[in-house]
Amino acid sequence: PKLIIADEPTTALDVPIQAQVLELIDTLRNERDSSIIMITHDLGVVAKLCDRIAIMYGGKIVEIGTDREIFYEGKHPYTAGLLSCVANPEDDDEKDLSPIPGSPPDLLNPPKGCPFVDRCEKAMRICKERMPEVTVFSPTHQCACWLNHSKAVKK
């Protein structure tokens with residue numbers, strides 16, 4: 001196939017089996033010149049396989065970028081929260097992992113504005129009122145967050 005959609009392909013697998021599945025997906029991609037849409041919560045899988053990443057929260061894409069832009073230059077507070085929940089084996093010091101406080105939104109009654117507003121430590125009044133417009137940082141990196149938008153009145 002030209003497109004492989006892998007929805008949580010490594011969830012609940014032990015590490016050796018995860019590695020085998022990822023190797024198989026990568027082999028298929030290379031042999032068949034396929035593209036892959038990887039749907040996962042596992043940022044380790046994302047770092048290993050993905051060139052472009054879309055971060056979703058509450059059913060909305062909140063940030064899109066290359067692997068480098070997301071992992072090293074992330075702009076959305078949810079992206080930062082995700083990364084703070086992951087241990088980095090390259091870190092010399094053992095840092096405490098920081099879970100994202102609060103609960104996900106009720107998607108049957110989603111918030112009017114940004115879906116991350118109730119869990120965001122940097123939320124502003126406008127975040128509750130309107131979904132932010134997309135801010136483009138480069139041809140490959142964009143983010144939907146009022147913190148990055150010139151129209152936001154920061155209070």
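Everything discussed here concerns the structure shown above.
Reference entry: report on the structure contained in this document. (Residues numbered from 1 in each chain as written. Predicted model: local features only at pLDDT ≥ 70, side-chain atom pairs only at ≥ 80, totals over all residues. Heavy atoms only, no water.)

What about the packing of aromatic side chains?
Put simply, the rule reads: Aromatic rings from Phe, Tyr and Trp, with only the six-membered ring used for Trp, were paired whenever their centres fell within 6.5 Å, and each pair was classed as stacked if the ring planes differed by under 30 degrees, edge-to-face if by over 60, and tilted otherwise. Should the NZ of a Lys or the CZ of an Arg lie within 6 Å of a ring centre and within 35 degrees of the ring normal, that charge is described as sitting over the ring.
In this structure the tally under the stated criterion is three aromatic pairs. Chaining the aromatic ring pairs together yields one cluster made of Tyr-57, Tyr-78 and Phe-116. Positioned above the aromatic ring of Tyr-72, the side-chain terminus of Arg-68 is 4.6 Å from the ring centre. Cation over ring: Lys-75 sits above Phe-137, and NZ or CZ is 4.9 Å from the ring centre.

Topic: the layout of surface pockets
Note the threshold: A pocket, in this scheme, is an open set of points on a 1 Å grid over the protein atoms alone with protein on both sides within 12 Å along at least 5 of 7 lines, while a cavity is a set where a 1.4 Å probe fits but cannot get out; residues line either one if an atom lies within 4 Å of a point. Grid points are joined across faces, edges and corners, and a volume is the space filled by probe spheres set on the points. Note on residue classes: Ala, Val, Leu, Ile, Met, Phe, Trp, Tyr, Cys and Pro are nonpolar, Asp, Glu, Lys and Arg are charged, and everything else, Gly too, is polar.
When its volume is computed, the second largest pocket comes out at roughly 280 Å³. What lines the second largest pocket is a set of 17 residues, among which Pro-77, Ala-80, Gly-81, Glu-121 and Lys-122 lie closest to the centre. A class-by-class count of the residues in the lining of the second largest pocket yields eight nonpolar, five polar and four charged.

Focus on unusual backbone geometry
To keep it simple, the criterion reads: Put simply, DSSP marks the helices as runs of H or I at least four residues long and the strands as runs of E at least two long, and each gets a number from the N terminus on. A simple rule labels every residue: compare its accessible area, found with a 1.4 Å probe on the protein chains alone, to the largest value its type can have, and call it buried under 20%, exposed over 50%, or partly exposed in between.
Backbone geometry places Glu-8, a non-glycine residue, at a positive phi of 50°. Among the structural elements, Glu-8 can be located in the loop between β1 (3-7) and α1 (15-32). For Glu-8, a relative accessible area of 23% gives the class partly exposed.

Note that all results are geometric; they support no functional claim without further evidence.
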